[in-house]
Every structure is written in C-alpha cells, then in structure tokens.
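# Structure assessment
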Amino acid sequence: MIRAVIIDDERNALEVLQLQLQQYCKEVEILAICQGGKAGIEAIQNLKPDVVFLDIEMPHINGFEVLHQTQNQDYKVIFTTAYDKFAVKAFKFSAIDYLLKPIDILDLQQAVEKAK
C-alpha cells in the first residue's frame with residue numbers, strides 16, 4: 001500500500017481526488033485529507049506519508065511553502081493543480097508528476113505507478 005495525504009484548499013477538489021483514488025487506485029491508502037497548507041504540513045509531519053498529492057495555489061501557505069516547511073520529511077510529491085505555469089518549478093522540487101485539474105483517471109493511475 002502507498003500511504004498518501006491529499007492537500008488542497010478547495011473542498012470539491014479534495015472530494016473528487018479522494019473518490020478517484022478510492023475507485024481507480026486501490027493501492028493507495030489515504031491517511032488524511034487536508035484543506036489548506038497548514039493542515040497539510042501537520043499531516044505530513046505526524047503521519048509520514050509515502051506520497052503527497054499537493055495543490056500549488058492555496059491561500060496563506062502555497063504548495064511550494066508546504067514543501068519547504070517539510071523538506072526534512074521523506075515523501076514523494078504529485079502536484080495537482082489547475083495551472084500549468086508552475087510545472088518547471090515543480091519538477092525542480094523533484095515532483096514525480098504534475099496533474100492538471102480536472103484530473104484524468106489514466107494520468108492519475110500513471111502517477112501512482114511512478115510513486116510505487
């Protein structure tokens with residue numbers, strides 16, 4: 001099993017990704033669903049996930065700040081965002097994938113395969 005945390009500021013995006021993972025990526029165990037960067041940082045530090053599905057554009061603490069504040073933790077990151085303009089920066093942070101919303105099921109499954 002791949003232990004995962006989902007971080008996004010939009011409730012709908014969290015729910016959709018949770019359902020997609022439960023339905024199409026059975027090897028993923030969702031440890032926490034976090035609305036916002038602060039809750040996400042706490043979940044990463046406390047739960048030690050294998051992979052984090054991370055939005056970039058969030059108020060207060062964006063996805064890159066989440067990475068910065070948890071850089072001492074060992075996990076892989078899959079960005080889930082509506083903006084393609086951050087892709088180059090995301091891969092500089094060693095992202096294993098960059099999924100644009102709405103997330104395509106096949107792309108999600110391939111990202112989970114990479115996380116394995």
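Our structure's up above, just so we're on the same page.
Residues numbered from 1 in each chain as written. Predicted model: local features only at pLDDT ≥ 70, side-chain atom pairs only at ≥ 80, totals over all residues. Heavy atoms only, no water.

## Some words on unusual backbone geometry
What counts is decided by this rule: Comment: elements are numbered from the N terminus, with helices defined as DSSP H or I runs of at least four residues and strands as E runs of at least two. Type-normalised accessible area, obtained with a 1.4 Å probe on protein chains alone, sets the label of each residue: buried when under 20%, exposed when over 50%, and partly exposed for intermediate values.
Between Lys 101 and the following residue, Pro 102, the backbone shows a cis peptide bond with an omega angle of -5°. One non-glycine residue, Lys 48, adopts positive backbone phi at about 50°. In this structure, Lys 48 sits in the loop between α2 (37-47) and β3 (51-54). Judged by relative accessible area, which is 48%, Lys 48 ranks as partly exposed.

## Structural notes on the packing of aromatic side chains
As a reminder, the rule being used: Working definition: a ring pair exists when centres of Phe, Tyr or Trp rings (six-membered ring for Trp) sit within 6.5 Å. Plane angles under 30 degrees give stacked, over 60 give edge-to-face, the rest tilted.
Per the counting criterion, the structure on display carries two aromatic pairs. Here the aromatic rings of Phe 64 and Phe 79 are separated by 5.5 Å at their centres, their planes lie at 50°, and the arrangement is tilted. In this pair, Phe 64 sits in helix α3 (residues 63-69) while Phe 79 sits in strand β4 (residues 76-81), placing the two residues 15 residues apart along the sequence. Considered together, Phe 64 and Phe 79 belong to a single accessibility category, that of buried residues. Seen from their ring centres, Phe 79 and Tyr 98 are 6.2 Å apart, and the 50° between their planes marks the pair as tilted. Here Phe 79, found in strand β4, pairs with Tyr 98, found in strand β5 (residues 97-100); they are 19 residues apart in sequence, far enough to count as distant. For the pair Phe 79 and Tyr 98, a shared accessibility class is recorded, and that class is buried. Through a chain of ring-to-ring contacts, three or more aromatic side chains come together here, namely Phe 64, Phe 79 and Tyr 98.

## Focus: the environment of Asn 72
Relative to the elements of secondary structure, Asn 72 occurs in the loop between α3 and β4. Residue Asn 72 is classed as exposed on the basis of its relative accessible area, which comes to 63%. Counting along the chain gives 27 residues from Asn 72 to Gln 45, while the straight-line C-alpha distance between them is 9.2 Å.

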